[in-house]
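Listed here are the chains, written in short residue letters.
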Amino acid sequence: MASPRRLLLITGLCGLVALTGLLPSTASAGLRKLYVSPKGSDGRRCTSARPCRSFDRAYRVARLGQVVIVRGGAYPKQVLEGDGAKARRLARARDVIFRPAPGAKVKVQEIEIRVPHVQFHKMRIVKWEADYDVRDPRTYAAGDLTFRRVRTHHFSLTSVRHVRVIGGTVGPNSGAPSDSGRWPQDGVNINAWPEDRRPPRNIVIKGVYIHDVREPSGEAHSDCIQVTAGVNVRILRNRFRNCEHADLMIKGDQGPIRGFLIENNYLGRTLSAYYSINLYETSRGCKDVLMRNNTALQNIRLDSCSGGRMTGTIQPSMRRYTCSQAKVKVFWNVFESGVRCGRTNRVARVHFVNRARFDLRLARRSAAINRGNPRNFARVDIRGHKRPMGKRPDAGAHERR
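Residue positions within a chain follow its written sequence, with the count starting from 1. The predicted origin of the model limits local features to residues at a pLDDT of at least 70 and limits the giving and counting of side-chain atom pairs to 80 or more, whereas totals for whole chains, interfaces and linings rest on all residues. No hydrogens and no water enter the side-chain calculation; it runs on all heavy atoms of the structure.

**Looking at the overall build of the chain**
Put simply, the test is: The way it works is that DSSP assigns letters per residue, a run of H or I at least four long becomes a helix, a run of E at least two long becomes a strand, and they are numbered from the N terminus. Here the globule rule is a power law, 2.2 Å times the number of residues to the power 0.38, and the radius of gyration is based on C-alpha atoms. For each residue, the accessible area found with a 1.4 Å probe, counting protein chains only, is set against the maximum for its type, and the residue is called buried under 20%, exposed over 50%, and partly exposed in between. In this analysis, two residues are considered to be in contact whenever any of their non-hydrogen atoms come within 4.5 Å of each other. Calculation of accessible area relied on Shrake-Rupley with a 1.4 Å probe; when residues are assessed, cover is drawn exclusively from the protein chains displayed. As used throughout, the charge tally considers Lys and Arg to be positive and Asp and Glu to be negative, leaving His and the chain termini uncounted. For charged residues, the charge sits on one atom: NZ in Lys, CZ in Arg, CG in Asp, CD in Glu.
Helix and strand counts for the chain stand at three helices and 34 strands. Expected size for 401 residues packed as a compact globule is a radius of gyration near 21 Å; at 23 Å, the chain falls within 12% of this value. For the chain, the spread of C-alpha atoms along the three principal axes comes to 70 × 65 × 45 Å. Counting every position in the chain, which comprises 401 residues, the buried fraction comes to 54%. Counting contacts in the chain only where the partners sit at least 6 residues apart, residues at least 24 apart contribute 61% of the total. Element-wise, carbon and sulfur atoms account for 48% of the exposed surface of the chain, whose accessible area totals about 18300 Å². Seen as two clouds, the 74 positive and the 32 negative side-chain charges of the chain have centres 10 Å apart.

Shown next as structure tokens:
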């Protein structure tokens, strides 16, 4: 049995962990489940027999770490109000988790999030947004959010921190009309407002299929993901297809671009633009942007980010002029045509399992096998398989067994 002094020390350390926000964002054992239903009432206590109607009511009733069971059906727009925020001063805490009842199909028209420490699992949300307003933080306090296997047409993050979008789908954006009938320009929009006040920070988008993002009007600029400010952003193991202007547009119009990792993505051809990744430097700079082990069916912009590196990546071509103008450091890549642009790169046709059907796994004897960066590579591939499998890692997002 532990001594009183040891127990006191353990208790103190647990308290320190709680105060510094280092507790994992998982459900707490022993807390009863709460319930919401399209037929419920917000005058109730969110029990199984007396479910609540709105997500906001359930969040207010819940304790951190508690699970809210969402019964099947269609839900109107939900607003999680900032004045009900829990532990708003903690960067991380145990989350309130919304997940469907077993076998239930849940569709939510829209969710507007102004609270921290919340998760949504395995449901369809037509569109959602999370905001932090630095001018009135008592009202807007979104952050520490997780979306797992959620299907949506569009989402936006404004000045929020600690957000994880894991699995699921985004698109088409035409499926998410606004109150005025217009639909969002982008599939995903990550921004800061007011400019330079609070850039989004610690964002992860992983394993998501982002597709069919079209321009709603002739003057629109529509990207699958557009980032106008961000610090410590991870874009990992996603698939981009049928994006109008760019699979991924990164430009520091509203704040810094710093600490990006773009890794293990399949990047399809855009519908009407020049680049799959358009990395654009502004007066705010472009620092520590690493593009590693991606497979791109359209070229990546290399002339506009002096703090960028591209390695272990497959892309269609490299022109002599592009190579001479590149600000991004380019090493250990495979280009299907053009010039090498450095002794570690290779020019050779890459064979995929089925390029036309967007199956970008490397085919047998592909030129990209064993041609990745031997010192700087993703430790797993787009499917989560260990890398390397051979003498050296393969170039691109897929590691052939």
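**Describing the sheet that holds strand β28 (residues 308-311)**
For clarity, the cut-off: Here, strands pair whenever DSSP counts at least two bridges between them. All axes are obtained by fitting lines to C-alpha atoms, using only the stretch in contact for helices, and the reported angles, taken between N-to-C directions, cover 0 to 180 degrees.
Across the sheet, twelve strands lie side by side as β1-β2-β5-β8-β11-β14-β17-β20-β23-β26-β28-β30; this open sheet has parallel pairing. Only two strands of the sheet have a single neighbouring strand rather than two, namely β1 (34-36) and β30 (329-331). Here the average twist between neighbouring strands, direction ignored, is 10 degrees.

**Observations concerning the layout of surface pockets**
Rule in force here: Only protein atoms enter the 1 Å grid used here, on which a cavity is any set of points holding a 1.4 Å probe that cannot leave and a pocket is any open set flanked by protein within 12 Å on both sides along at least five of seven lines; residues with an atom within 4 Å of a point are listed as lining. Grid points are joined across faces, edges and corners, and a volume is the space filled by probe spheres set on the points. Three residue categories are used. Nonpolar comprises Ala, Val, Leu, Ile, Met, Phe, Trp, Tyr, Cys and Pro, charged comprises Asp, Glu, Lys and Arg, and polar comprises the others, including Gly.
The calculated volume of the largest pocket comes to roughly 310 Å³. Forming the walls of the largest pocket are 17 residues, and the residues nearest its centre are Tyr275, Asn299, Ile300, Arg319 and Thr322. Considering every element that reaches the lining of the largest pocket, the biggest residue donor is helix α3 (residues 320-325), with three residues. For the lining of the largest pocket, a count of residues per class yields seven nonpolar, six polar and four charged.

**A closer look at empty space enclosed by the protein**
Applying the stated rule across the entire model yields one cavity of 30 Å³ or more. Counted as a void, the largest cavity has a volume near 50 Å³. Class assignment of the residues belonging to the lining of the largest cavity gives a composition of seven nonpolar, three polar and no charged.

**Points about the nonpolar core**
What tends to happen in soluble globular proteins is that the nonpolar side chains get buried as a cluster. Keep this limit in mind: In these notes, a set of buried Ala, Val, Leu, Ile, Met, Phe, Trp, Tyr and Cys residues joined through side-chain atoms within 4.5 Å is what counts as a nonpolar core.
Grouped together as the largest cluster of nonpolar side chains are 75 residues, with contacts concentrated most on Phe55, Phe98, Ile113, Phe120, Trp128 and Ile205. When sequence neighbours within four positions are dropped, the list of residues in contact with Trp128 reads Ile111, Ile113, Phe147, Thr152, His154, Phe155, Ser156, Leu157 and Val165. The next biggest cluster of nonpolar side chains, apart from the first, holds 13 residues, and it includes Tyr266, Leu360, Leu362 and Ala395.

**Re the side chain of His121**
The topology assignment puts His121 in strand β8 (residues 116-121). A relative accessible area of 16% places His121 in the buried class. Apart from the residues lying within four places of it in its own chain, the contact partners of His121 are Ile97, Phe98, Arg99, Pro100, Arg148 and Val150.

**Observations concerning the confidence of the model for the chain**
Interpretation of the predicted coordinates at a detailed level should be avoided for regions scoring low in pLDDT. What counts here: Values of pLDDT, which run from 0 to 100, indicate the predictor's confidence residue by residue.
Residues of the chain with pLDDT of at least 70 account for 93%, and the chain-wide mean is 92. Every residue in residues 1-23 is under pLDDT 50, and counting partners more than four places away or in other chains gives 14 contacts.

**Here we look at the pattern of salt bridges**
What counts is decided by this rule: Salt-bridge detection follows one rule: a side-chain nitrogen of Lys or Arg within 4 Å of a carboxyl oxygen of Asp or Glu.
Tallied over the entire structure, the rule returns 22 salt bridges. The partner of Arg164 in a salt bridge is Asp144, with the nearest N and O atoms 2.9 Å apart. Placement of Arg164 in strand β14 (residues 161-166) and of Asp144 in strand β11 (residues 143-148) is noted, with a sequence separation of 20 residues between them. Take Arg164 and Asp144: they sit in the same class, and that class is buried. A network of salt bridges, in which partner residues are shared, links Lys77, Glu81, Glu110, Glu112 and Arg114.

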